[in-house]
Amino acid sequence: GAGVSQSPSNKVTEKGKDVELRCDPISGHTALYWYRQRLGQGLEFLIYFQGNSAPDKSGLPSDRFSAERTGESVSTLTIQRTQQEDSAVYLCASSPRGLAGADTQYFGPGTRLTVL
Amino acid sequence: AQSVAQPEDQVNVAEGNPLTVKCTYSVSGNPYLFWYVQYPNRGLQFLLKYITGDNLVKGSYGFEAEFNKSQTSFHLKKPSALVSDSALYFCAVRDRTNQGGKLIFGQGTELSVKP
């Protein structure tokens, strides 16, 4: 079946502009996660959705970052007034259930964001 | 604080030789443990995970990992490396008490397998 998809694959923007990144999870997966991967580093957790609610937003680095999810479907991560330090690959993952068990998280290909 | 350490930035192995990629963690309780692999310009692919039971876990592409509770380690192994195994490998842990299930990742280890 189809995996996690993300769009755009690459985004170049100017400092101060707003950007929206999109994630389409695997159909039927109730849990959705956003992570950030800076060059040469591991992944940092940003936010977790269970359905369309976000019980854990602890990884969002500032109030310029926000995310929403429509039902158990697509999610968008919005970065306002982008800064150069926001340049990174933003990865989305989904899993069947977030609340219990050791479900595997399946990752999308990521969106590479470059802020000039 | 919860953390994952991958002490080697890079591991070099000759094709056909065994490989080990090391991972240690600092998480309370008995976490779930994962290994992912990332090929250039690709997302992360799941390799294997430890939940409970047998300390030796077998996964995709001939990889296996050994959970050692006393040493808080979860090293990734393969008996005979292939050139195609060259990639970036990430160890990750999940706190069982965290209802949301966020993963905490190590910094990654670049595996290079030479012919």
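Shown above is the structure to which this text applies.
This one's a predicted model, so the numbers in the text were calculated from it and none came from an experiment. All residue numbers refer to positions counted from 1 along the written sequence of the respective chain. Lettering of chains starts at A and numbering of ligands starts at 1, both following the order in which they are written. Local features in a predicted model are, by the rule used here, given only for residues with pLDDT of at least 70; side-chain atom pairs are given and counted only at 80 or more, and totals for whole chains, interfaces and linings are based on all residues. Hydrogens and waters are ignored; side-chain quantities use all the structure's heavy atoms.

K.L.:
Looking at this model, I keep getting lost on the environment of A:Leu77. Mind explaining?
P.N.:
Residue and element names in this part refer to chain A. Relative to the helices and strands, Leu77 is located in strand 8 (residues 75-79). Leu77 sits in the buried class, given a relative accessible area of 0%. Distance from Leu77 to Glu20, taken between C-alpha atoms, is 5.7 Å for residues 57 residues apart in sequence. We call two residues in contact whenever any of their non-hydrogen atoms come within 4.5 Å of each other. Excluding residues within four positions of it along the chain, Leu77 makes contact with Val19, Glu20, Leu21, Trp34, Leu46, Ser66, Ala67 and Tyr90. Here a helix means four or more residues in a row that DSSP labels H or I, a strand means two or more in a row labelled E, and each is numbered from the N terminus. Partly exposed describes any residue whose relative accessible area lies between the buried limit of under 20% and the exposed limit of over 50%, with all areas from a 1.4 Å probe on protein chains only and scaled to the type maximum.

K.L.:
Looking at this model, I keep getting lost on the pairing of strand 8 of chain A. Mind explaining?
P.N.:
The side chains of a regular strand alternate between both faces of the sheet. All names here are of chain A. Most of strand 8 is tucked away: five of the five residues are buried. Of the two faces of strand 8, the one carrying Ser75, Leu77 and Ile79 and the one carrying Thr76 and Thr78 are both buried. Pairing between strands is defined by DSSP: at least two bridges between them are needed. In the sheet, strand 3 (residues 19-24) pairs with strand 8 via five bridges, with the strands oriented antiparallel. Pairing of Arg22 across the sheet is with Thr76, part of strand 8. Here strand 7 (residues 65-69) runs beside strand 8; their pairing, made up of five bridges, is antiparallel. Its bridge partner lying in strand 8, Arg69 is registered against Ser75.

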